[in-house]
Amino acid sequence: MKKGFSDAIKDQYTKVPPVATADLTGKTVVVVGANTGLGFEATKHFARMNPGKLILACRSEERGSAAVKKLKSETSYDKAELWIVDLGKFSSVVAFTDRFEKSGERLDILVANAAMASYEYKTTSDGWEESLQVNALSLSLMSLLLTPRMVETGVKYATKPRIVIVSSDLHYMIGTNLEDVYEAKSPFRLLNSPEHCTQKLLNSGDRYSETKLLNVFFAQSLAELLKDTPVIVNSLNPGYCYSELRRSFSGVKAMVDCLMEKVLAHTTEAGSRSLVYAAVGGAEDPEKLRGAYLNINTPTEPADAVIGEEGRKRQDKLWADLIAELSKVDRRIPSIIKQLS
């Protein structure tokens, strides 16, 4: 499917449906990036559904603690917990998932929400370009390591846990040719290279779009891996919303973005409804959401790069390379893949 700027504008003027609701009594929900923006607004919606436990997965102790207090103040929900995770460090992601494993908690909903936009080339302590690690690699690592617990939850409680990958319609609009990436011996290593991450790519926003495309590929691969389990995986587009994502903008760029927000942007709360729908909506037929890419709460064909025979080849190549890279981070990854295959 091709989606141009005019299609995106049309979506922005389409009324966002009311927030989906469900009874989450006794269930455990994890929201990544829950202290601000879409993540926090989604967390408020979940809190009003009375989950047994609501875990705010945040990088900052200070901002996360403030979010927990604000959540209680605005919803009266008092069973929220702050768990620290820094997606810029694989060790932090592993520590988070290990803590979950040791806790013995059930896990019913994982909202994998990350949106780092890089405008200069910086690497993490793990040697990966920041936005690639935060938006794609770490979210994938977290999802994979938590998958066995979610499968166990679904079987034990006869439920359908969900993994929600927050992507973006910007994945349709990548202006660069990625064929060299798909054909590379290691696509992720090429995506990580300074030669690929040119200043033009970073300034154009195409780098962010690349990471959101990787989210769609990952969601489809993970959904296929889990096709014979109770766990439902989907990805979604929250739309263009008021966001702290662009807080680093300055000068003309900031002025243009401010104008665009006033003319086009959904409120952050309205955008968060898409995350909530992916997590609890469609209860009358949840299987229709398995592997779906959701736009305005509707399963929608993703970008041409993802579909058809060529899309499948790209998906398989990226999946194999992702698993190879993440297996270097945590030796449990191959056994998890084998267990679920």
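Residues numbered from 1 in each chain as written. Predicted model: local features only at pLDDT ≥ 70, side-chain atom pairs only at ≥ 80, totals over all residues. Heavy atoms only, no water.

Named according to an unreviewed UniProt entry, the protein is Short-chain dehydrogenase originating from Ephemerocybe angulata.

Q: Which residues make up the pairing of strand E3 (residues 80–84), and what values do they have?
A: The pairing of strand E2 (residues 53–58) with E3 spans five bridges and is classified as parallel. What sits directly across from isoleucine 55, in E3, is glutamate 81. Taking the sense of rotation as the criterion, the β-α-β connection linking E2, helix H3 (residues 61–75) and E3 turns out right-handed. (Pairing = 2+ DSSP bridges. Helix = DSSP H or I, 4+ residues; strand = E, 2+ residues; numbered from the N terminus. Right-handed = clockwise from strand over helix to strand, strands pointing away.)

Q: Could you give me a rundown of the sheet that holds E3, with the residues and numbers involved?
A: Taken in spatial order, the eight strands of this open sheet run E3-E2-E1-E4-E5-E6-E7-E8, and their pairing is mixed. Because the sheet does not close on itself, it has two edges, and the strands there are E3 and strand E8 (298–299). Across three bridges, strand E6 (residues 232–237) lies against strand E7 (residues 293–295) in parallel orientation. Following the sheet pairing, leucine 236 is matched in E7 by leucine 294. Contacts between helix H4 (residues 90–103) and the sheet are confined to strand E1 (28–32), E2 and E3, with E3 contributing the most and set at about 135° to the helix. (Contact = heavy atoms within 4.5 Å. Axes fitted to C-alpha atoms, helices over the stretch in contact; angles between N-to-C directions.)

Q: Describe the nonpolar core, and please don't skip the residues or the numbers.
A: Among the nonpolar cores identified, the biggest contains 62 residues, and Leu87, Phe96, Met142, Leu144, Ile163 and Val233 are the most heavily contacted of them. Here this core gets twelve residues from one element, more than from any other, and that element is helix H5 (residues 130–157). With sequence-adjacent residues up to four places away left out, methionine 142 is seen in contact with Val32, Val85, Leu87, Val93, Phe96, Thr97 and Leu110. In this structure, Leu54, Leu71, Leu236 and Ala278 belong to the second largest nonpolar core, which totals 35 residues. (Core = buried A, V, L, I, M, F, W, Y, C linked by side-chain atoms within 4.5 Å. Buried < 20%, exposed > 50% of the residue type's maximum accessible area, 1.4 Å probe, protein only.)

Q: Kindly report on the packing of aromatic side chains, identifying the contributing residues and their values.
A: Tallied over the entire structure, the rule returns five aromatic pairs. Where tryptophan 83 meets phenylalanine 96, the ring centres are 5.5 Å apart and the plane angle is 65°; that geometry is what we call edge-to-face. Of this pair, tryptophan 83 sits in strand E3 while phenylalanine 96 sits in helix H4; the two residues are 13 residues apart in sequence, bridging distant segments of the chain. Residue classification places tryptophan 83 among the buried positions, given a relative accessible area of 3%. Each residue in the set Trp83, Phe96 and Phe100 is aromatic and connected to the rest through ring pairs, giving one cluster. Looking at arginine 99, its charged tip hangs above the ring of tryptophan 83, at a distance of 3.9 Å from the centre. Above the face of the tyrosine 157 ring, arginine 106 is positioned so that its terminal group lies 3.8 Å from the ring centre. (Phe/Tyr/Trp six-rings, centres within 6.5 Å; stacked < 30°, edge-to-face > 60°. Lys NZ or Arg CZ within 6 Å of the ring centre and 35° of its normal.)

Q: Which residues make up the packing of helix H9 (residues 206–225) against helix H12 (residues 308–329), and what are the values?
A: Taken N-terminus to C-terminus, the directions of H9 and H12 make an angle of 85°; their axes are 10 Å apart at the nearest point. The angle between the axes of H9 and H12 places the two elements in the roughly perpendicular class. Between H9 and H12, the contacting residues are Leu214, Phe217, Phe218, Gln220, Ser221, Leu222, Glu224 and Leu225 on the first element and Gly311, Arg312, Arg314, Gln315, Leu318, Trp319 and Leu322 on the second. Considering only residue class, the contact of H9 with H12 consists of eight nonpolar, four polar and three charged. (Parallel < 35°, antiparallel > 145°, perpendicular 65-115°, else oblique. Nonpolar A, V, L, I, M, F, W, Y, C, P; charged D, E, K, R; others polar.)

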